Amino acid sequence: MQLVVARIGRAHGIKGEVTVEVRTDEPELRLGPGAVLATDPSSAGPLTIETGRVHSGRLLLRFEGVRDRTAAEALRNTLLIAEIDPEERPEDPEEFYDHQLADLDVVTRDGTPVGRIEEVAHPPGQDLLVVRREDGSEALIPFVTEIVPEIDLEAQRVVIDPPPGLLDENDSL
């Protein structure tokens, strides 16, 4: 299974380094020296990480064969994709990969069906579960413990405790 782990940003300096927008909770595992990553667009890769370092709070990577600013800038906006075992799970039992949550049934604490997770969105500030509701509409559920207290991968179910108004605008009246 393929997992997007980062997006290449702008070139940094003149020796081929690039800034990276990290999209994984395990950058040390996925973005370490020697890692070979597929790319989107595929014509840019595969890319092998030569070095990595943090500078002013941003991850900087240098890839084998990318030696100057022009070559680094040509990689801008390229997605870096790692091949992972679909059965692999994060070390922290409270963390999940997006693909593990897709297609899980969503119910409230009292067992009322809400819908099915279509994807996990990662906008700035807050991850969201995108849920296709029973009536065909879409609900965006903030992915925080207070609202999503239980995830049972074995039962293929996510339990939510929505605050008033999250699922039905009439709840808040």
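Our subject in this report is the structure included herewith. (Residues numbered from 1 in each chain as written. Predicted model: local features only at pLDDT ≥ 70, side-chain atom pairs only at ≥ 80, totals over all residues. Heavy atoms only, no water.)

### Quick word on the overall build of the protein
Right, on to step 1. Regarding its fold elements, the protein presents 3 helices and 12 strands.
Right, on to step 2. In terms of principal-axis extent, the alpha carbons of the protein reach across some 60 × 35 × 30 Å.
Right, on to step 3. Within the protein, buried positions represent 36% of all 173 residues.
Right, on to step 4. Sequence-distant contacts, at least 24 apart, represent 47% of the contacts inside the protein between residues at least 6 apart.
Right, on to step 5. Put simply, the protein shows about 10100 Å² of open surface, and 47% of that area lies on carbon and sulfur atoms.
Right, on to step 6. Taking the 17 positively charged and 36 negatively charged side chains of the protein as two groups, their mean positions are separated by 11 Å. (Helix = DSSP H or I, 4+ residues; strand = E, 2+ residues; numbered from the N terminus. Buried < 20%, exposed > 50% of the residue type's maximum accessible area, 1.4 Å probe, protein only. Contact = heavy atoms within 4.5 Å. Areas by Shrake-Rupley, 256 points an atom, 1.4 Å probe, with all protein chains shown as cover. Lys, Arg positive; Asp, Glu negative; His and termini not counted. Charge placed at Lys NZ, Arg CZ, Asp CG, Glu CD.)

### Section: the pairing of strand β9 (residues 128-133)
A regular strand places its side chains on the two faces of the sheet in alternate fashion.
Right, on to step 1. Where strand β8 (residues 113-121) meets β9, 6 bridges bridge the pair, whose relative direction is antiparallel. Looking at β9, one finds that Ala 121 is bridged to Leu 128.
Right, on to step 2. Once β8 ends, the chain turns through 6 residues before running back antiparallel as β9, passing Gly 125 with a positive phi of about 95 degrees.
Right, on to step 3. In this sheet, strand β10 (residues 138-142) lies alongside β9 in antiparallel orientation, the contact comprising 5 bridges. Its bridge partner lying in β10, Leu 129 is registered against Ile 141. (Pairing = 2+ DSSP bridges.)

### Observations concerning the nonpolar core
Right, on to step 1. Residues Leu 31, Leu 61, Phe 63 and Leu 80 are the most contacted members of the largest nonpolar core, which totals 22 residues.
Right, on to step 2. When residues in this core are grouped by element, the largest group, 5 residues, is from strand β1 (residues 2-12).
Right, on to step 3. Each residue touching Leu 61, except ones within four places of it in the same chain, is listed here: Gly 16, Glu 17, Val 18, Val 20, Leu 31, Ile 49, Thr 51, Gly 52 and Leu 80.
Right, on to step 4. Membership of the second largest hydrophobic core comes to 17 residues, among which are Val 106, Leu 129, Ile 147 and Val 158. (Core = buried A, V, L, I, M, F, W, Y, C linked by side-chain atoms within 4.5 Å.)

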